[in-house]
Amino acid sequence: MLPDGLWRIARLGVVGLVLTAAVAGLVLGDARPWMVVDWSLAAYARLRVFDESGALNESGGFGAPTTVALLGAALVKAVFLWLILRTPVRGRLDRREKALRGLLYLAVAYTLVLRYLVYILPDAVGVAFQLALWTAIDILYLLVIRWRSRPLRVAAGAMFAVELAGLADALLYELDLPDLGTGVGVQLALTLGGLAVTVVTVIGQRRDGRWSCGTQALGWSAAALQALMIPLDFLADGLFDRLTTLVMVQTVTLVNTGWIAATARELPPEGHPADLPPARRRAGRLTVAAVVLLPVLAMIHPEQTPHLTYTDGSTDCYDRPAFGDLKPAERDAVFLCLARSTDDGTPPMFPDSMPDQGILTYGRALCHAKDREKQEILKRSGWNADPEDLVYLCPEIVGATRPELLWSTAEREAADIAYLAEENATCRDPWPRTKGVVQATAKYFLFADGDFGYLVHDPGDRVTEEQAEEAMDRIHDDGALFGVAESAVLVGHVEDVVDLCLTVKAMRTAPPRRTAGWEQINEMPIVSRSGRLTVPEMGEGEVGAGAPMPNLAIAGKGHYRLRVYVRFGDTGEEHLVVVFPGTSRRRLTLKP
């Protein structure tokens, strides 16, 4: 046990540090000294750009409501820390009582300091530590406290088991093992079990007789606080996400920590402090009640306080709706959904405790940041939104440079159709006088630096996918322009282009070779097992032919010959694909 002098120095040092940090934060207007008050740097580092109303605060400080809450938290914590760090009552302790006192002080140290060190470890480590710690404390409670009633001891054991079951369930969840689930009924039962543990322990202390009325009053206050938090936690969704409320809740939880410290302090059976006179006892109770209830009452705001909302991220915005299809009232909701969404596998840039109003204000500030330096500061401080996201907040600004982002779905489809028609019109039939049984000319769109080419294949063949992979491997391994695999032929492109002009013709007999004007001509076999041969069309993606492609297997199922002509003209790379019946399996290079 530490000497009394060291206990007094520790009390003065800790309390002085908290009060000094509060004064420094208030005078300097800086958020950093407040971190000493609440012991939680990570909780506010992401929020220091905003005040409580959600408005942008470029000074990096907190808003007025948060400052008031932190100042009150500093005073309340100073009082409780002064009580928690009182010198332990001296007296003879047996082995069990010594172990219980040490574990209780370890629980106090964990709540005040050690849990922030455990944050750098996996979450399962912290939960496992608490489970082991409170298992030992609960067992020693049953052995050390003089319950003076077998039914009461049994009831206490049952309540302790429920408490430990909740911690064990949390550990199973962190280890990704089967747990009790997250249903409201299960969580409410575990919460009520924790409340019952506090109540039955205080009853045991009263029957034991060694703990003072002040310690018992702290225990009843902790139980009342837990009971008050149950409806707030289950019914007031999002209440504890507010920064001001979170500061208050973290402060009043010191009531329970003070009760645990007082329990450890008064363990010796002899020499514990005598009860106070009735007048001073009533004054002490009023003081404890004021310390507990006033911060909680401060959470109840008047009606004129801005109503803050907290919208959850949703997959409804994964396929983002077109701006032109939305009503003005719906655009903010889409932006909030995108800001909070985790569909891309990355965490959102804003924490759950940030209100919707703060996110909207930040987005509009990013829209109106004309100064490049200011815009870069905003991007580093929060979410780096793209014009596709910001258009829902400031269409008049984004639309000035990106008018296509303002289109509706119908307008976008019409623009796509017009674009395809314009691109297809640039391509011409290289054999206009040689008509095929079926034929088509269109622009074929490819990914730049990503596609080997296009397929001429039988879409009804069940093994087409395997053959297409085989054809791609042949082009990749052999460096050839063609990859042949029975019912699929992959035709590569020569230049590093995004698209090319493609003409397909189906004929009943082999046409003349006509090598003049073409740079490469190759002929190869292809099979149609379903009676179809075609070229993929552009669907929902960006790859494929820009116009419907016909069925080139005009003779039905069977063997065909595929002749491919390649050249370069005014419109870029041009391909002519001719298909006709033929049983030969030879590959011919008609013009290398």
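If you're wondering where the values come from, they're calculated on a predicted model, not measured in any experiment.

Participant: Sorry, what's going on with the overall build of the protein chain here?
Facilitator: The number of helices and strands found in the protein chain is 19 helices and ten strands. Taken over 592 residues, the protein chain has a buried fraction of 44%. Taking as baseline every contact in the protein chain between residues at least 6 positions apart, the subset at least 24 positions apart corresponds to 73%. Surface accessibility of the protein chain: about 30700 Å² in total, with carbon and sulfur atoms responsible for 58%.

Participant: Please clarify how the sheet that holds strand 6 (residues 520-528) should be interpreted in this entry.
Facilitator: Pairing between sheet strands relies on hydrogen bonds along the backbone, with the strands arranged either parallel or antiparallel. Strand order across the open sheet formed by seven strands is 7-1-5-9-8-6-10, with mixed pairing between neighbours. Of all strands in the sheet, those with a lone pairing partner are strand 7 (544-545) and strand 10 (588-591), marking the two edges. Summarising the sheet, strand 1 (residues 438-445) and strand 7 pair through two bridges and their orientation is antiparallel. If you follow F445 over to strand 7, its bridge partner there is G544.

Participant: Before we go on, may I ask you to explain a nonpolar patch on the surface in this structure?
Facilitator: Nonpolar side chains collect at one region of the surface, where L12, V79, W82 and L83 lie side by side and expose about 360 Å² of accessible area between them. Looking at the element boundaries, V79 is found in helix 4 (residues 64-84).

Participant: Hey, could you run me through the state of the cysteines in this one?
Facilitator: Between two cysteines, a covalent bond joining their sulfur atoms is known as a disulfide. A complete count under the given rule lists two disulfides for this structure. Across the disulfide, C367 is cross-linked to C394 (sulfur-sulfur distance 1.9 Å). Of note, the bridge from C367 to C394 carries an S-S torsion of about -60 degrees and is left-handed in sense. Highlighted residues: C367 in helix 14 (residues 356-367) and C394 in the loop between helix 16 (387-390) and helix 17 (395-401), separated in sequence by 27 residues. The burial state of C367 is the same as that of C394; both residues are buried. One disulfide bridge connects C427 with C501, the sulfur atoms lying 2.1 Å from each other. Because the torsion about its S-S bond is -75 degrees, the bridge between C427 and C501 counts as left-handed. With C427 in the loop between helix 18 (409-425) and strand 1 and C501 in strand 5 (residues 499-506), this pair connects stretches of sequence that are 74 residues apart.

Participant: Please explain the pattern of salt bridges as it appears in this structure.
Facilitator: Where charged atoms from two side chains of opposite charge come close, those side chains can pair. According to the stated counting rule, one finds 15 salt bridges in the structure shown. A salt bridge links R402 to E404, with the shortest nitrogen-to-oxygen separation between them at 2.6 Å. Exposure remark for R402: the relative accessible area of 27% places this residue in the partly exposed category. Of the charged contacts, one joins R561 and E523 as a salt bridge, the two residues approaching to 3.1 Å between their closest N and O atoms. In this pair, R561 is assigned in strand 8 (residues 558-569) and E523 in strand 6, connecting sequence segments 38 residues apart. By the burial criterion, R561 is buried, and E523 matches it.

Participant: Any chance you could explain the side chain of D389 here in plain terms?
Facilitator: By secondary structure assignment, the location of D389 is in helix 16. At a separation of 2.6 Å, a polar atom in the side chain of D389 contacts the side chain of R320.

Participant: It is not clear to me how the packing of helix 6 (residues 123-144) against helix 7 (residues 150-174) should be interpreted in this structure. Could you clarify?
Facilitator: Working note: a packed helix pair is described by the angle between its axes plus the distance between those axes. Closest axis-to-axis distance for the helix 6/helix 7 pair is 9 Å, and the angle between their directions is 170 degrees. One finds that helix 6 runs roughly antiparallel with respect to helix 7. Residues D123, A124, V127, A128, Q130, L131, W134, T135, D138, Y141, L142 and L143 of helix 6 form the contact with helix 7, whose participating residues are R153, A156, G157, F160, E163, L164, L167, A168, A170, L171 and E174. The class makeup of the residues in the contact of helix 6 with helix 7 is 15 nonpolar, three polar and five charged.

Scoring rules and cut-offs
- Residues numbered from 1 in each chain as written.
- Predicted model: local features only at pLDDT ≥ 70, side-chain atom pairs only at ≥ 80, totals over all residues.
- Heavy atoms only, no water.
- Helix = DSSP H or I, 4+ residues; strand = E, 2+ residues; numbered from the N terminus.
- Buried < 20%, exposed > 50% of the residue type's maximum accessible area, 1.4 Å probe, protein only.
- Contact = heavy atoms within 4.5 Å.
- Areas by Shrake-Rupley, 256 points an atom, 1.4 Å probe, with all protein chains shown as cover.
- Pairing = 2+ DSSP bridges.
- Patch = residues over 30% accessible without salt bridge, like charges linked within 9 Å, V, L, I, M, F, W, Y side chains within 5 Å.
- Salt bridge = Lys/Arg side-chain N within 4 Å of Asp/Glu carboxyl O.
- Disulfide = S-S within 2.5 Å.
- Polar contact = N/O pair within 3.5 Å; in protein donor to acceptor, adjacent residues only side chain to side chain.
- Axes fitted to C-alpha atoms, helices over the stretch in contact; angles between N-to-C directions.
- Parallel < 35°, antiparallel > 145°, perpendicular 65-115°, else oblique.
- Nonpolar A, V, L, I, M, F, W, Y, C, P; charged D, E, K, R; others polar.

From the geometry alone we can't say anything about function, so treat these as descriptive.
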